[in-house]
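Here is how the chains run, residue by residue.
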Amino acid sequence: SGNSQRGNQLSNGMFGIKSIDQNLLTSRQIEAARIAATRHMKREGQLWIKIFPDKPITKKPLEVRMGKGKGAPDHFVAVIKPGRILFEVGG
């Protein structure tokens, strides 16, 4: 917990999107944001994604009884801390 120690300053672009809250972003959410940003920019300039979903989230199948170990990996998320740069835009 606490504020982001790394990735809290611009490194590539001129503008960025910075988080102000702590949350988890799924790979689908990151991809949807990338598509929306590139469409809005009409594919001019460059967009850098500064986060990567590297934490697996497990889930048990539907209608399975309790016990019998941990579920299989379902999807991956990126852990977002306050102050983290999510996207950078330049060019």
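Before reading on, note that the structure itself is shown above.
Read on for a plain summary of the structure. (Residues numbered from 1 in each chain as written. Predicted model: local features only at pLDDT ≥ 70, side-chain atom pairs only at ≥ 80, totals over all residues. Heavy atoms only, no water.)

## A word on the environment of K59
Then comes step 1: Mapped onto the secondary structure, K59 falls in strand β4 (residues 55-59).
Then comes step 2: For K59, a relative accessible area of 49% translates into the label partly exposed.
Then comes step 3: Taking the C-alpha atoms as reference points, K59 and L25, separated by 34 residues in sequence, lie 17 Å from one another.
Then comes step 4: With residues near it in sequence (within four places) discarded, K59 still touches G71, A72 and D74. (Helix = DSSP H or I, 4+ residues; strand = E, 2+ residues; numbered from the N terminus. Buried < 20%, exposed > 50% of the residue type's maximum accessible area, 1.4 Å probe, protein only. Contact = heavy atoms within 4.5 Å.)

## A short note on helix α1 (residues 27-40)
Then comes step 1: The end-to-end C-alpha distance of α1, which contains 14 residues, comes to 20 Å, matching closely the 20 Å that a straight helix rising 1.5 Å per residue would cover.
Then comes step 2: The first or second residue beyond α1 is K42, which carries a positive phi of 55°. (Expected span 1.5 Å × (residues − 1).)

## Notes on the sheet that holds strand β1 (residues 15-18)
Then comes step 1: Read from one edge to the other, the open sheet built from 3 strands follows the order β1-β6-β3, with strand pairing classed as antiparallel. This sheet does not close on itself; its edge strands, each paired only once, are β1 and β3 (46-49). Across the sheet, the mean angle from the axis of one strand to that of its neighbour is 15°, orientation sign disregarded.
Then comes step 2: Looking at chain direction, β3 and strand β6 (residues 85-90) are connected through 4 bridges and run antiparallel. Of the residues in β6, the one forming a bridge with I49 is F87.
Then comes step 3: Strands in contact with α1 are β3 and β6; relative to β3, the strand with the most contacts, it is inclined by about 165°. (Pairing = 2+ DSSP bridges. Axes fitted to C-alpha atoms, helices over the stretch in contact; angles between N-to-C directions.)

## Concerning the sheet that holds β4
In any sheet, the strands associate via hydrogen bonds between backbone groups, in a parallel or an antiparallel arrangement.
Then comes step 1: Within the open sheet, the 3 strands sit side by side as β2-β5-β4. Their pairing is antiparallel. In this open sheet, the two strands that pair with only one neighbour each are β2 (23-26) and β4. Here the average twist between neighbouring strands, direction ignored, is 50°.
Then comes step 2: Two strands pair when backbone bridges link them, and β2 and strand β5 (residues 72-80) are joined in this way by 4 bridges, in the antiparallel orientation. Residue pairing for β5: L25 is matched across the bridge by A78.
Then comes step 3: Lying over the sheet, α1 contacts β2 and β5, oriented at roughly 70° with respect to β2.

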